[in-house]
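Here are the chains, one letter per residue:
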Amino acid sequence: MKNDARQRGRKRLDERLTALKPEDRFNAPPKGWVRAIRDALGMTGVQFAKRLNIRPQSVEALEKSEANGAIQLKTLRRAAEALDCTLVYALVPNNSLEGAVSARARKIARRELGRVAHTMKLEAQGTGDANLEARIEAYVRDVLKDRDLWNES
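Our subject in this report is the structure included herewith.

Calculation rules
Residues numbered from 1 in each chain as written. Predicted model: local features only at pLDDT ≥ 70, side-chain atom pairs only at ≥ 80, totals over all residues. Heavy atoms only, no water. Salt bridge = Lys/Arg side-chain N within 4 Å of Asp/Glu carboxyl O. Helix = DSSP H or I, 4+ residues; strand = E, 2+ residues; numbered from the N terminus. Buried < 20%, exposed > 50% of the residue type's maximum accessible area, 1.4 Å probe, protein only. Contact = heavy atoms within 4.5 Å.

### Quick look at the pattern of salt bridges
Within the structure shown, the criterion is met by 7 salt bridges. Between Glu 63 and Arg 35 there is a salt bridge, with the nearest N and O atoms lying 3.8 Å from each other. On the criterion of sequence distance, the pair formed by Glu 63 in helix 4 (residues 56–67) and Arg 35 in helix 2 (residues 33–41) is long-range, its members being 28 residues apart. Relative accessible area serves as the criterion here: at 26%, Arg 35 is assigned to the partly exposed category. The salt bridge involving Lys 64 is made with Glu 60; its shortest N-O contact spans 3.2 Å.

In structure tokens form, the structure reads like this:
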């Protein structure tokens, strides 16, 4: 039951996140979003500093920290508000969440079935690789369906 709810949740998230693909559309400009938007608005560093209630010298440090990826989210959120922008924050999986769970289950199944196959070969009862894919699918479906896949190495 819990697994079905997780699967539905993964599918809903996958659907929402597809709108963010391809994620390279959101690569930051070379000097960062804050600097690019501030420049596009024609806002000086002094004016921006005043809106943020910081020293003008701190604007350059803020913009550099964003450009090199070291800025804190709360600082970036404040900067966005000062520029009348909304900070959008998301983690976009490289593949679907459902695919990641499936790949993880298949990896575990392959490892565990490999151990069994090795033991059986030692006992001269090898099963061969002819139906390996079918055994992996059955193992994932029957054995791993309710198991915590991320609590293992």
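After presenting the structure, the write-up continues.
### Description of the environment of Lys 145
Position of Lys 145 among the secondary structure elements: in the segment after helix 7 (132–142). The sequence separation of Lys 145 and Asp 4 amounts to 141 residues, and the corresponding C-alpha distance is 9.6 Å. Aside from chain neighbours lying at most four places away, what touches Lys 145 is Asn 3 and Val 140.

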